[in-house]
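Spelled out, the chains give:
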Amino acid sequence: MHLERKELIDYLVGFALVLSMVGIATWRHDYEIILPEIAALTTGMWIYHKRDWVRQPIKIFLAPSGTAVIGFVINLLPLNYPTKVVTTLLLILVLLRGLRSTLAPSFATGLLPIIVNATHWSFIIAIFAFTLILMAGVMVRGLHRGIPAGDPLKVSHMLIFLIAGILWTGLVWLSGNPQMAAIPPVLVVFFEALQQPTYSGKMALKHVVALSGAATIGVVVHLIFASWLLTTLISLPLVFILLAGLRLKLPAAYAFPLLALVLPESMFHHLPLAALLAASFFLGIVFTYKQVVNRIRLAAEND
C-alpha cells in the first residue's frame, strides 16, 4: 500500500501514541494501563479519519469512558463471567442509545475490565487520559468539521446485537469455554457491520481473515518476544501489512496484538481460534440479516 507523506505522518503519530501507552504500562509494571482499543480508536480517528467516529468529539471521551466505568463496576459484582458479559453489553447499548452515539469501540472498552479482571483505578485513569488525548487530537485538527450529527442507534440493531451476544455467550458457556464470551475487536466489527446498508459475503470473509489473522500475529509475536514493547513494535506493522494485502481499513484489527498482551493465560493460547469462530458467527449473522432485509425490500418494491 502506497502511503502519502501526510498519511505516513498520521501513522507515525498514532503509532507513537500507542507505544507511549505500552511504555508507561511497562515502566509502571501495570498491564491494566494497556488498552487495546486505544490502538483501534487511534487508527480509526487519527489515521483513517472515520466520519462516524470523529463527528462528535466530546463523545470520543464520553462513550468509551462511560462504558469502561460500566464494565469496571460490573466486574466488581459477585456475578459469573457470562452474566457479567451480557449485563455489560446491555448497559453499553443503553448508554450509546442515550448518547446518540454509534462509536463501536465503546464495546471494547466496556468489556476489557471484565476480560482482564481490572480492579485498580489505574485502568479508569488510563481510559480517561487517552480518550481525552484522542478527542483533543480530533478537535485540534478539525477532523469533525462539516460532518453532520449521526442518527441514534436503531432499536432493531440493538436487539440483534444483544440477541447475538446472548446466543454466543450461551454457546461458549455450554461448550465449557465461558472465557470466549467476549472478543472485543470482533464485537466492534459486528456492531459496525450492522450499521451498514449492505454487507456482502466477500466482505464478511475478508473481515474474518483480517480479525483471526491479527489475533494470530499478536499471539505468535508475543510468544517469541515476551516483551510488551517489542510485541507492540513488531506486531502492529505486521497487522498493517495484513490489512494492506486484504485492501481493508479495519481499525479493530489493530487491537488484537495489544489484547494478546493482557489476556489471562487461559485465553491467550486460544485467542486465534476464538477470534476465527467468533468472527464467523457474528459476521455470518450480519450477512444473513442483510440478505433477508434486502430480499424483503426488493419484494416490496416489486409489488
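The sections below set out a description of the structure shown in this document. Every chain begins its residue count from 1, and numbering advances along the sequence as written. Per-residue local features of the predicted model are confined to residues with pLDDT of at least 70, and side-chain atom pairs are confined, for both listing and counting, to 80 or more; whole-chain, interface and lining totals are unaffected and use all residues. Side-chain metrics in this entry use all non-hydrogen atoms of the structure; hydrogen atoms and water are not considered.

### Examining the side chain of Thr109
Secondary structure counts use DSSP, requiring at least four H or I residues in a row for a helix and at least two E residues in a row for a strand, with both numbered from the N terminus. Tracing the backbone shows Thr109 in helix 6 (residues 105-115). In protein, a polar contact means a hydrogen-donor-capable atom and an acceptor-capable atom, both N or O and within 3.5 Å, with residues adjacent in sequence counting only if both atoms are side-chain atoms; elsewhere, any N or O pair within 3.5 Å suffices. Here the side chain of Thr109 touches Pro64 through a polar contact of 3.2 Å, landing on its backbone oxygen. Here Ser106 takes part through its backbone oxygen, which lies 3.0 Å from a polar atom of the side chain of Thr109. Residue contacts follow a heavy-atom distance rule, with two residues in contact if any of their heavy atoms lie within 4.5 Å. Sequence-distant contacts of Thr109, that is, excluding residues within four places in its chain, are made with Glu37, Pro64, Thr67, Ala68, Phe123 and Ile127.

### Comments concerning the packing of aromatic side chains
Here a Phe, Tyr or Trp ring, Trp counted by its six-membered ring, pairs with any other such ring whose centre lies within 6.5 Å, and the pair is stacked when the planes are under 30 degrees apart, edge-to-face when over 60, and tilted otherwise. Summed over all chains, the structure comprises twelve aromatic pairs. Plain terms: the ring middles of Phe72 and Phe123 are 6.3 Å apart, the flat faces sit at 10° to each other, and that makes the pair stacked. Taken together, the residues Phe72 in helix 4 (residues 57-76) and Phe123 in helix 7 (residues 121-141) connect sequence positions 51 residues apart. Phe123 carries the same exposure label as Phe72, and that label is buried. Measuring from ring centre to ring centre gives 4.9 Å for Phe190 and Phe282, while their planes differ by 45°; the resulting arrangement is tilted. Remark: Phe282 occurs in helix 14 (residues 271-302) and Phe190 occurs in helix 9 (residues 184-195); sequence separation between them is 92 residues. Summary of the burial criterion: residues with accessible area below 20% of their type's maximum are buried, those above 50% are exposed, and those between are partly exposed, where the area comes from a 1.4 Å probe applied to protein chains only.

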